[in-house]
Amino acid sequence: MGAARGRFIAFEGGEASGKSTQAARLAERRDALLTREPGGTRLGEVARGLLLDPELPDLSPRAEALLFAAARAQHVAEVIAPALAAGRDVVCDRFAASSFAYQSFGRGLPLDEVRALSSFAVDGRWPDLNVLLVVPADLADARLGERDRLERAGHAFHRRVAEGFESLAASEPDLWVRIDAAGSIDEVARLVDAAVDVRLGGPAP
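Keep in mind the model is a prediction, meaning the values are calculated, not measured.

Q: For this particular structure, what's the right way to read empty space enclosed by the protein?
A: With a probe scaled to a water molecule rolled over the atoms, the places where space remains empty come into view. One pass over the structure, following the stated rule, counts one cavity of 30 Å³ or more. Taken as a whole, the largest cavity spans an internal volume of roughly 40 Å³. If you trace the largest cavity, you find it lined by Ala65, Phe68, Ala69, Arg72, Ser99, Gln103, Val114, Leu117 and Ser118. Breaking the lining of the largest cavity down by element, the ones donating at least two residues are helix 3 (61-85), helix 4 (96-106) and helix 5 (111-122). In terms of residue class, the lining of the largest cavity is made up of five nonpolar, three polar and one charged.

Set out below in structure tokens:
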């Protein structure tokens, strides 16, 4: 018999919520493949440079959504799907839910269209669990240093994004865990570990 399919865990949330740090901590504990979006592949990293470039402020919402989707399709085909098929857990810093929150709730594109675009890109590889890290807006703002194009989008935009994540998590509670990420790195990591273990079981021995 072949290896059991790996588990796919995505970290989601607004800017400066600690996703990258907590994704790395969980991936290490579960001996999982750690990756990120946009990124993870050569195409993805090129797209990331464009999407986050603060000198590129006039990118249309539809072009932005298409760039994210193209990077995601290559990421799934080249990195995520092979790892899962080989029985390896995958931990991703952002995935499709970020497109729903940013391009639909944030930019105002129709949610059903953004979902359809991501559905085409992921080819059936949806996360088994989305971990939503939540921090107060003032704390996130204090944590931000030099800001990229998305981080500079303004408070109203980021408020809509945060509301979008909350709406997504509430609509599919079996696929989401919500974590208060205002504590220390270790405190948040303990909350994440406990929540993921309850939903997906602990790491393989």
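Q: I tried to follow the pairing of strand 4 (residues 129-134) on my own but got confused; where do I start?
A: Where a strand is regular, its side chains alternate between the two sheet faces. For strand 4, the tally of buried residues reaches six of six residues, placing the bulk of the element in the interior. Every second residue of strand 4 is oriented toward a common face, with Leu129, Val131 and Leu133 on one face and Asn130, Leu132 and Val134 on the other, all of them buried. Of the pairings in the sheet, the one linking strand 1 (residues 8-13) to strand 4 comprises five bridges and is parallel in character. When the bridges of strand 4 are listed, Ile9 appears paired with Leu129. In this structure, strand 4 lies alongside strand 5 (residues 176-180), joined through five bridges in parallel fashion.

Q: Where do I start with helix 3 in this structure?
A: Each full turn of the α-helix corresponds to 3.6 residues, which orients residues three or four apart in the same direction. Across its 25 residues, helix 3 extends 33 Å between first and last C-alpha, which sits within 8% of the 36 Å expected from 1.5 Å per residue. At Val76, helix 3 shows its largest bend, some 50°.

Q: How should I be thinking about the nonpolar core in this particular structure?
A: What tends to happen in soluble globular proteins is that the nonpolar side chains get buried as a cluster. Of all hydrophobic cores here, the largest spans 27 residues; its most connected members are Phe8, Ile80, Phe95, Phe165, Leu168 and Trp176. Where this core is concerned, the elements lending two or more residues are strand 1, helix 3, strand 3 (90-93), helix 4, helix 5, strand 4 and helix 7 (155-171). At six residues, helix 3 tops the list of elements feeding residues into this core. Trp176 has contacts with Glu12, Ala97, Leu129, Asn130, Leu132, Phe165, Leu168, Ala169 and Arg199, leaving out every residue within four places of it along the chain. In this structure, Leu133, Ala195, Val196 and Leu200 belong to the second largest nonpolar core, which totals 19 residues.

Q: Quick question: what am I supposed to make of the packing of aromatic side chains here?
A: Remark: the centre distance and the inter-plane angle together describe each pair of aromatic rings, the angle taken between the planes. If you walk through the whole model with that rule in mind, you get four aromatic pairs. Taking the centre distance of 6.5 Å and the plane angle of 40° together, the rings of Phe100 and Trp126 count as tilted. Of this pair, Phe100 sits in helix 4 while Trp126 is found in the loop between helix 5 and strand 4, placing the two residues 26 residues apart along the sequence. Among the residues examined, Phe100 registers a relative accessible area of 5% and is labelled buried. Their ring planes at 75° and their centres at 6.2 Å tell us that Tyr102 and Phe165 sit as a pair that is edge-to-face. A residue pair is termed long-range when its members are at least 10 positions apart, and Tyr102 in helix 4 and Phe165 in helix 7 qualify at 63 residues. Phe165 carries the same exposure label as Tyr102, and that label is buried. Grouping aromatic residues by their ring pairs yields a cluster made of Tyr102, Phe157 and Phe165. When the ring centre of Phe95 is taken as origin, the NZ or CZ atom of Arg72, which lies over that ring, is 5.4 Å away. One Lys or Arg, Arg115, reaches over the ring of Phe100 and ends 4.6 Å from the middle of that ring.

Q: How should the pattern of salt bridges be read in this particular structure?
A: Side chains bearing opposite charge may pair, as long as their charged atoms lie close to each other. Overall, the coordinates contain 14 salt bridges when judged by the stated rule. Between Arg72 and Glu37 there is a salt bridge; the shortest N-O distance is 2.7 Å. Linking Arg72 in helix 3 with Glu37 in the loop between strand 2 (33-36) and helix 2 (42-52), this pair joins segments that are 35 residues apart in sequence. Here Arg72 and Glu37 have matching classes, each one buried. When salt bridges that share partners are traced, they join Arg29, Arg30, Asp89, Asp193 and Asp197 into one network.

Cut-offs applied
Residues numbered from 1 in each chain as written. Predicted model: local features only at pLDDT ≥ 70, side-chain atom pairs only at ≥ 80, totals over all residues. Heavy atoms only, no water. 1 Å grid on protein atoms, 1.4 Å probe; cavity = no way out; pocket = protein on both sides within 12 Å on 5 of 7 lines; lining within 4 Å. Points joined across faces, edges and corners; volume = space filled by probe spheres on them. Helix = DSSP H or I, 4+ residues; strand = E, 2+ residues; numbered from the N terminus. Nonpolar A, V, L, I, M, F, W, Y, C, P; charged D, E, K, R; others polar. Buried < 20%, exposed > 50% of the residue type's maximum accessible area, 1.4 Å probe, protein only. Pairing = 2+ DSSP bridges. Expected span 1.5 Å × (residues − 1). Bend = angle between axes of the 7 residues up to and from the residue. Core = buried A, V, L, I, M, F, W, Y, C linked by side-chain atoms within 4.5 Å. Contact = heavy atoms within 4.5 Å. Phe/Tyr/Trp six-rings, centres within 6.5 Å; stacked < 30°, edge-to-face > 60°. Lys NZ or Arg CZ within 6 Å of the ring centre and 35° of its normal. Salt bridge = Lys/Arg side-chain N within 4 Å of Asp/Glu carboxyl O.

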